[in-house]
Amino acid sequence: SLGGEQIAEQLTASELPLTLPLQEGVNDFTIEATDEVGLSAPPLTLRLHYDPRVPTVEWTTPEVGARSEIRRITLSGRVLDGALPDPAAQLTATLTHEGAPEERALGFCDGEGRFSLPIVLSSGLNEIELCARDLAGNSSCERRQVSYEPPPACVELSTGPFTASPSLTLEG
């Protein structure tokens, strides 16, 4: 039976395999087997969740084309399964610099489908691919580019061009 509705009265081994259509969401099956002499096995109950929807990634940070003077940034946003948050999604972030993958970060969403993953940038243009995968195995990926441009070195002198001090202090 499927969802309380009987699918077949009786099948023989020669009629197997049997392909059953699934409805989106929860599908409950009860399978009973009886041999040719009338001996029955205990019923087998099977619950399948059919989820054809692909999760989507909504980025909060970094913004498209972002530039950062900070090497360690946080990827944040949320994952949706259709219009609903997907709290069970697994995330994989891959940072590519000059064509070579450099860093991977793995994470999960919280109960509201939100994520926050730290990642370390390389100098110059970094491409980040963020992939979300739900429990059913559906997945999708989004890409963003972020430039890391460290600030120029800065040195301050503690004195003017003339001094009576026998030492010089550099700060930076």
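Quantities reported herein were computed from a predicted structural model and do not represent experimental measurements. (Residues numbered from 1 in each chain as written. Predicted model: local features only at pLDDT ≥ 70, side-chain atom pairs only at ≥ 80, totals over all residues. Heavy atoms only, no water.)

Enquirer: Whenever I open this one, the overall build of the protein confuses me. Can you help?
Expert: For the protein, the count of helices and strands is zero helices and 13 strands. Ordered by position from the N terminus, the helices and strands of the protein form the series β-β-β-β-β-β-β-β-β-β-β-β-β. The burial tally for the protein puts 27% of its 172 residues in the buried class. Put simply, 53% of the contacts in the protein that link residues at least 6 apart link residues at least 24 apart. In the structure as shown, the protein presents an accessible area of about 12,000 Å², 53% of it carried by carbon and sulfur atoms. (Helix = DSSP H or I, 4+ residues; strand = E, 2+ residues; numbered from the N terminus. Buried < 20%, exposed > 50% of the residue type's maximum accessible area, 1.4 Å probe, protein only. Contact = heavy atoms within 4.5 Å. Areas by Shrake-Rupley, 256 points an atom, 1.4 Å probe, with all protein chains shown as cover.)

Enquirer: Explain the sheet that holds strand E10 (residues 124-133) to me, please; I cannot follow it from the model alone.
Expert: Across a sheet, paired strands are connected by hydrogen bonds in the backbone, their directions being either parallel or antiparallel. With mixed pairing, five strands are arranged side by side in an open sheet as E4-E11-E10-E7-E8. The outermost strands of the open sheet, each flanked by one partner alone, are strand E4 (66-68) and strand E8 (100-108). Between one strand and the next, the sheet's axes are offset by a mean angle of 25°, whatever the strand orientation. Where E10 and strand E11 (residues 139-148) come together, ten bridges link them in antiparallel fashion. Bridge assignment links Ala-132 to a residue of E11, and that residue is Ser-140. (Pairing = 2+ DSSP bridges. Axes fitted to C-alpha atoms, helices over the stretch in contact; angles between N-to-C directions.)

Enquirer: What exactly am I supposed to notice about the state of the cysteines here?
Expert: Each disulfide consists of a covalent bond between the sulfur atoms of two cysteine residues. Counted according to the given criterion, the structure contains one disulfide. There is a disulfide in this structure between Cys-131 and Cys-141, and the S-S distance comes to 2.0 Å. Residues Cys-131 and Cys-141 are joined by a disulfide whose S-S torsion is about 105°; by sign, that bridge is right-handed. A residue pair is termed long-range when its members are at least 10 positions apart, and Cys-131 in strand E10 and Cys-141 in strand E11 qualify at ten residues. (Disulfide = S-S within 2.5 Å.)

Enquirer: I keep staring at the pattern of salt bridges and nothing clicks. Help me out?
Expert: A side chain with one charge may pair with a side chain of the opposite charge, provided their charged atoms come close. One pass over the structure, following the stated rule, counts nine salt bridges. The shortest N-O distance in the salt bridge between Asp-28 and Arg-47 comes to 2.6 Å. With a gap of 19 residues between them, Asp-28 in strand E1 (residues 25-31) and Arg-47 in strand E2 (residues 44-50) connect regions that are remote in the sequence. On the basis of relative accessibility, which here comes to 28%, the residue Asp-28 falls in the partly exposed class. The class of Arg-47 is exposed, set by a relative accessible area of 53%. Here Arg-143 ties to Glu-129 by a salt bridge, and the two come within 3.0 Å at their closest N and O atoms. Of this pair, Arg-143 sits in strand E11 while Glu-129 sits in strand E10, placing them 14 residues apart in sequence. Within this structure, Glu-24, Asp-51, Arg-53 and Asp-81 form a network of salt bridges that share partners. (Salt bridge = Lys/Arg side-chain N within 4 Å of Asp/Glu carboxyl O.)

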